[in-house]
Number of protein chains: 2
Amino acid sequence: MDTAQALRALQERLGPRGYLPGQETDERYLVDIKGTRGAMPLAVLRPASTQEVSGALALCHAAGIPVVTQGGRTGLVQSHVPCEGEIVLSLERMNAIENIDSDAAMATVQSGVVLQALQERLDAEGLMFPLDLGARGSCTVGGNISTNAGGNRVIRYGMTRDLVVGLEAVLADGTVLDGLKPLVKNNTGVDLKQLFIGSEGILGVVTRAVLRLVPKPGERTVALCALGSFGQVRGLLRQARQRLGGELTAFEVMWDSYFSRAVRIAGKAAPLPAGQPYYALIEASSAGAGGAASLEDLLQQVLEDGTVSDAVIAKSGAENEALWKLRDISVEVTRSLMPAVPFDVSLPIPAMEAFVPAFEAAVRTIDPRCDTVVYGHLGDGNLHLGVHQPPDRPETFQAIQEAVYGLVGEYGGSISAEHGIGVSKREFLPHSRSREEIAAMHALKNALDPKHLLNRGRVLEHRAAP
Amino acid sequence: MDTAQALRALQERLGPRGYLPGQETDERYLVDIKGTRGAMPLAVLRPASTQEVSGALALCHAAGIPVVTQGGRTGLVQSHVPCEGEIVLSLERMNAIENIDSDAAMATVQSGVVLQALQERLDAEGLMFPLDLGARGSCTVGGNISTNAGGNRVIRYGMTRDLVVGLEAVLADGTVLDGLKPLVKNNTGVDLKQLFIGSEGILGVVTRAVLRLVPKPGERTVALCALGSFGQVRGLLRQARQRLGGELTAFEVMWDSYFSRAVRIAGKAAPLPAGQPYYALIEASSAGAGGAASLEDLLQQVLEDGTVSDAVIAKSGAENEALWKLRDISVEVTRSLMPAVPFDVSLPIPAMEAFVPAFEAAVRTIDPRCDTVVYGHLGDGNLHLGVHQPPDRPETFQAIQEAVYGLVGEYGGSISAEHGIGVSKREFLPHSRSREEIAAMHALKNALDPKHLLNRGRVLEHRAAP
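Just so it is clear, the model here is predicted, and its values are computed rather than measured. (Residues numbered from 1 in each chain as written. Chains lettered and ligands numbered in written order. Predicted model: local features only at pLDDT ≥ 70, side-chain atom pairs only at ≥ 80, totals over all residues. Heavy atoms only, no water.)

## Points about the overall build of chain A
Next, step 1: On a plain count of helices and strands, chain A comes out with 13 helices and 18 strands.
Next, step 2: The C-alpha atoms of chain A give 23 Å as radius of gyration, which agrees with the globular expectation for 466 residues (23 Å, within 12%).
Next, step 3: Relative to its 466 residues, chain A shows a buried fraction of 59%.
Next, step 4: For chain A, the share of sequence-separated contacts (at least 6 apart) that also reach a separation of at least 24 residues comes to 71%.
Next, step 5: Taking the average location of the 44 positive side-chain charges in chain A and that of its 53 negative ones, the two points are 3 Å from each other. (Helix = DSSP H or I, 4+ residues; strand = E, 2+ residues; numbered from the N terminus. Rg over C-alpha atoms; globule rule 2.2 N^0.38 Å. Buried < 20%, exposed > 50% of the residue type's maximum accessible area, 1.4 Å probe, protein only. Contact = heavy atoms within 4.5 Å. Lys, Arg positive; Asp, Glu negative; His and termini not counted. Charge placed at Lys NZ, Arg CZ, Asp CG, Glu CD.)

Right under this line is the structure:
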């Protein structure tokens, strides 16, 4: 089958709502939120069912047409931007919430459902899908799964991977792997669904999933602490885990480089004076009442034993929001460094203290004007770094990336905590993955997508098929 | 390289402690706890490091010698019992606890460490590795990982998979995949470690792991409830999740077929009269104090609204143990049906009510003397079933298995919740996995172990290499 034959067959099979000719492609299928613009695709496919996804992929496979999959298109690493000669496969019409089982605390959904739509539907039933992130209004559950999204509650509920109970995926040749069972315990050979979680669509297309839910938490209380040393930050984390147990739902740390800027940008009286080395934001959530009391006990303890030099606890929902605000304006804080190079990395917690000054020194060696901010989900080992790039020296963009990713590798970290690799971080993957690991990924690609058609060139360099 | 050359090279490389000639093989490397006895292996290898595992596997690969991996040899599906012509690879000398990081709440261990040894070491530091199961005194962490062990606390902490942060594994050709990073967030391509968790050693040998820890819980309280209908059991589970949140650490259900026998066998006054259709055992664990109060609130509510017809709450550690005793004597209860055919299956919770009478009817159709017991970790969808096999009709063993696994498949369940497939359940795998899924597992086997040397014939039928 040649390309023209395949396109005609796809058009016939998917109909006018499911097949958009390439030359009529709407702008939204071409760009990402950073403004990167891709090539005009051969067509945009919008299948309405798993069966249609399977049929469409089988045709593309027969004709050897590469396919790029799109969810909510909120990714930051250029994965979904079409390359020359690709077909776009959008899951946007597969957006049904098929079933909610409140006894088992599970939901079965199609992969195109928007995260916020799911959250709102569950909220009405007293349940919660614990995943939450800034892109909630656009990102889809399928995209969350393909990228193993993290977000704000990882310390308590884990990454998306921890929330997927069952999964249906379609391989490059159209084979449907139906692993959609609502079973927490299912030790029957290789757990195939894991292959499709976090692998950014290079091994298959996620079509439906069974998700783990939790009861909607009752009380939620936030405190902000100032600390004099990183050893004290670690001590506070240890004590917070100990005293709050399953009630600890956030442990965010802001270095003063971030906090001072955030206070200025927020433009209100700072809840604690800036100028201390570290600030930790702790959130406790409890099933019923009682979360506030546990958090108060913790604060009393850490103020008494000197772990924390100053602390404030929110007394109302509005005060909760005001404290979170300092962390939530991170986009504005990073923007204040514009032009800025942002990083989303993980580090072993014991390595963080030494990493941060090494990072600051490394970028200032490139140019002394390279200002930095540091903050992150410390309880998860995840740091966000921002580096000012001197506007008169555009070549420093690459130098800053090389320096930072190199350092992250040296300190045993990950060059991508949450955002993934896609196209834009592919060249830096060897800083986090060994030659042997990358070879194993290629072996899996060859085994499951031997023609290298799915999300070609994302994560892994495109090599000739074996 | 031929077999004799490889054996000489292995002996030289591993030395007298690391290489035991086949003819001197100790009985313990040959049998399982059900008494199955395997073939005499070519040799028993006991490497002391990842490097030695890698070197040994490279030699076996060069000579085409199949290898069976052994941890604590507590498996129930014949995986570790040697087959004709195999070499035994025992991880027993790799039993070091390499690092405990109490801030990050992670431990780095070698795969041969015995679970109980790890538990005891952590207990002394105020930490807990949440995995716990009856075989704790013999089973190894590497075996727990390879089989994705479940156990008693899955409803709160998940399966072993959820507790593995980093993993080092060795492929059939000796390639070491070093994914030993202590990073919760690490979205850098395919998460290779997932391939080795729960796949029963057919894709690689687990050598070291970074494990997630939690603070040792404070208070622990147990209650027992009697219920009149399965709808009420589901209602109780829903309310327990809602009110106890992260404090709910067990939700076990006993059908009366089990409970009546358990009370007789325990030989003490029953905490609640037998004869009700269902009994639920609920455990709440809290970081500090407060767990008992939440559980008392729950019981008051469910007694008032009629969900539960009778209930008793433990007032002391001894009373906790007495209630757990009824669940913990499951081995004796199943033994009272001897000869018995035991099952470890999962079912969607909404399917359980109809499944159980269908199961009872199906086995009584085979022989009206087929008595049954039913109990399990209901909160996880995991049921344990026991069926009396009439001793004068040994052929019913196979018929009972076929009937039960067939029914489990029909009801959308899993033929193995926890124990795995190994050799003994291999023929029944198609009841839980589709043809396409099994083909995908073979594709992975071909990709990562092209000579089919690792745990050959376990999980998947041995096919000629492609």
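## A closer look at the interface of chain A and chain B
By convention, interface size is frequently given as the accessible area that disappears when the constituent parts associate.
Next, step 1: On the chain B side, the residues contacting the 80 residues of chain A number 80 residues.
Next, step 2: For B:Asp103, the salt bridge is made with A:Arg238, and the minimal N-O distance between the two is 2.2 Å.
Next, step 3: Counting every contact that joins chain A to chain B gives 31 residue pairs in polar contact (both at pLDDT 80 or more).
Next, step 4: Listing elements by their share of the side of chain A that touches chain B, those giving two or more residues are helix H5 (154–157), strand S9 (176–179), helix H6 (230–244), helix H11 (349–366) and helix H13 (435–448) of chain A.
Next, step 5: Per element, the largest residue contribution to the side of chain A that touches chain B is 8 residues, and it comes from H13(A). (Salt bridge = Lys/Arg side-chain N within 4 Å of Asp/Glu carboxyl O. Polar contact = N/O pair within 3.5 Å; in protein donor to acceptor, adjacent residues only side chain to side chain.)

## Quick word on the packing of helix H1 (residues 3–18) of chain A against helix H2 (residues 50–63) of chain A
All names here are of chain A.
Next, step 1: For the pair H1 and H2, the least separation of the axes is 9 Å and the interaxial angle reads 170°. Regarding the angle of H1 to H2, the classification is roughly antiparallel. The residues of H2 that touch H1, namely those facing Thr 3, Ala 6, Ala 9, Leu 10, Arg 13 and Leu 14, are Gln 51, Glu 52, Gly 55, Ala 56, Leu 59, Cys 60 and Ala 63. (Axes fitted to C-alpha atoms, helices over the stretch in contact; angles between N-to-C directions. Parallel < 35°, antiparallel > 145°, perpendicular 65-115°, else oblique.)

## Thoughts on the packing of aromatic side chains
Aromatic rings considered in pairs are described by the distance between their centres and by the relative angle of their planes.
Next, step 1: Enumeration according to the criterion identifies 18 aromatic pairs over all chains in this entry.
Next, step 2: Aromatic pair A:Phe259 and A:Tyr279: ring centres 3.6 Å apart, planes at 10°, arrangement stacked. Separated by 20 residues along the polypeptide, A:Phe259 in helix H7 (residues 256–266) and A:Tyr279 in strand S14 (residues 278–285) bring together distant segments of the chain.
Next, step 3: The exposure class of A:Tyr279 is buried, given its relative accessible area of 0%.
Next, step 4: Ring plane angle 40° and centroid distance 4.8 Å describe the contact between B:Tyr405 and B:Phe428, whose orientation is recorded as tilted. Taken together, the residues span a long stretch of sequence, with B:Tyr405 in helix H12 (residues 396–410) and B:Phe428 in the loop between H12 and helix H13 (435–448) at a distance of 23 residues. (Phe/Tyr/Trp six-rings, centres within 6.5 Å; stacked < 30°, edge-to-face > 60°.)

## Side note on the pairing of S9(A)
Residue and element names in this part refer to chain A.
Next, step 1: Of the two faces of S9, the one holding Leu 177 and Gly 179 is buried and the one holding Val 176 and Asp 178 is not buried anywhere.
Next, step 2: With 4 bridges connecting them, strand S8 (residues 164–170) and S9 associate as antiparallel partners. Residue pairing across strands places Glu 168 opposite Asp 178, the latter belonging to S9.
Next, step 3: What sits between S8 and S9 in their antiparallel hairpin is a turn of 5 residues, with Gly 174 showing a positive phi close to 95°. (Pairing = 2+ DSSP bridges.)

## So, the UniProt feature "domain: FAD-binding PCMH-type" (unreviewed entry) in chain A
Next, step 1: Mapped onto this numbering, the UniProt entry gives "domain: FAD-binding PCMH-type" (unreviewed entry) at residues 37–216 of chain A.
Next, step 2: Across residues 37–216 of chain A, the secondary structure splits into 18% helix and 24% strand, with the terminal C-alpha atoms separated by 40 Å. (UniProt positions renumbered as here; feature names shortened; annotations may be inferred.)

## A closer look at the environment of B:Asn95
All names here are of chain B.
Next, step 1: Among the structural elements, Asn 95 can be located in the loop between strand S4 (87–90) and strand S5 (97–101).
Next, step 2: Residues Asn 95 and Gly 112 lie 17 residues apart in sequence; the distance between their C-alpha atoms is 4.4 Å.
Next, step 3: The residues contacting Asn 95, other than those within four sequence positions of it, are Gln 110, Gly 112 and Val 113.

## Brief notes about the sheet that holds strand S18 (residues 382–388) of chain A
All names here are of chain A.
Next, step 1: Taking strand neighbours across the sheet as the criterion, the 7 strands line up as S15-S12-S14-S13-S17-S18-S16 in an open arrangement whose pairing is antiparallel. In this open sheet, the two edge strands, each paired with only one partner strand, are strand S15 (310–313) and strand S16 (340–346). For this sheet the average axis-to-axis angle between neighbouring strands, irrespective of direction, equals 15°.
Next, step 2: Pairing of strand S13 (residues 248–255) with S14 involves 7 bridges; the strand directions are antiparallel. Pairing of Glu 252 across the sheet is with Leu 281, part of S14.
Next, step 3: Lying on the sheet, H11 is in contact with S13, strand S17 (372–377) and S18; it crosses S18 at an angle near 15°.
Next, step 4: Relative to S16, helix H12 (residues 396–410) is tilted by about 15°, and along the sheet it contacts S16 and S18.

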